[in-house]
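Inside the fold
Each chain, letter by letter, is given below.
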Amino acid sequence: MKKWSVLATGSVIAAFSLGFQGAASAAPTGATARPTGCTYQSNFSNGAMASCTNSNGGHYKATVLCTRQDGGGIINLDATVWRASGWSFVYCPALTTFSSAGIITKVT
């Protein structure tokens, strides 16, 4: 019985001197944040373009709303490729007109 209590006491002392795992740890390696410094705009009235100055490990892409000319409503299209730098482009398809531009961001 005494042997077990010495082991238990040693474990408690080790836990306090080494710290409980995850109690106050820093962010894991490779942690990412949302991009910052982002802007988006119309691209020649038929699409959208978007860019961020700092990716912070995250990604972004342009999105556009296009109005169907046949009265069928609005189409929401996103660029197919997530970007970490440079401009992202997306265009309205034929028989639609540009309505508005935007940007989508993610942390990974």
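Residues numbered from 1 in each chain as written. Predicted model: local features only at pLDDT ≥ 70, side-chain atom pairs only at ≥ 80, totals over all residues. Heavy atoms only, no water.

**Here we look at the sheet that holds strand 1 (residues 36-42)**
The strand order across the open sheet formed by 3 strands is 1-2-5, and the pairing between neighbours is antiparallel. Every interior strand has two partners, whereas the edge strands, strand 1 and strand 5 (88-91), have only one. The average angle at which neighbouring strand axes cross in this sheet is 15°, direction not considered. In this sheet, strand 2 (residues 47-54) lies alongside strand 1 in antiparallel orientation, the contact comprising 6 bridges. In the strand pairing of strand 2, Y40 is matched with A50. (Pairing = 2+ DSSP bridges. Helix = DSSP H or I, 4+ residues; strand = E, 2+ residues; numbered from the N terminus. Axes fitted to C-alpha atoms, helices over the stretch in contact; angles between N-to-C directions.)

**Re the pairing of strand 4 (residues 74-78)**
Where strand 3 (residues 59-68) meets strand 4, 5 bridges bridge the pair, whose relative direction is antiparallel. Counterpart to C66 in the pairing with strand 4 is I75. Between strand 3 and strand 4, which pair antiparallel and follow one another directly, the connecting turn spans 5 residues, one of which, G71, has a positive phi of 80°.

**With respect to the sheet that holds strand 3**
Strands sit in the order 4-3-6 across an open sheet of 3 strands; the sheet is antiparallel. Where the open sheet ends on each side, the last strands, each with one partner, are strand 4 and strand 6 (96-106). Put simply, the sheet's adjacent strands are angled 20° from each other on average, direction ignored. Taken together, the 10 bridges between strand 3 and strand 6 define a ladder with antiparallel strand orientation. The partner of C66 across the bridge, within strand 6, is F98.

**Describing the pairing of strand 5**
Residues S88 and V90 of strand 5 are buried on one face, while the alternating residues F89 and Y91, pointing to the opposite face, are not. Summarising the sheet, strand 2 and strand 5 pair through 4 bridges and their orientation is antiparallel. Following the sheet pairing, A48 is matched in strand 5 by V90. (Buried < 20%, exposed > 50% of the residue type's maximum accessible area, 1.4 Å probe, protein only.)

**Here we look at unusual backbone geometry**
The phi torsion at N56 lies on the positive side, around 55°, for a residue other than glycine. By the element assignment, N56 lies in the loop between strand 2 and strand 3. Look at N56 and you get partly exposed, because its relative accessible area is 36%. One non-glycine residue, L95, lies in the positive phi region at around 65°. Since its relative accessible area comes to 66%, L95 is described here as exposed.

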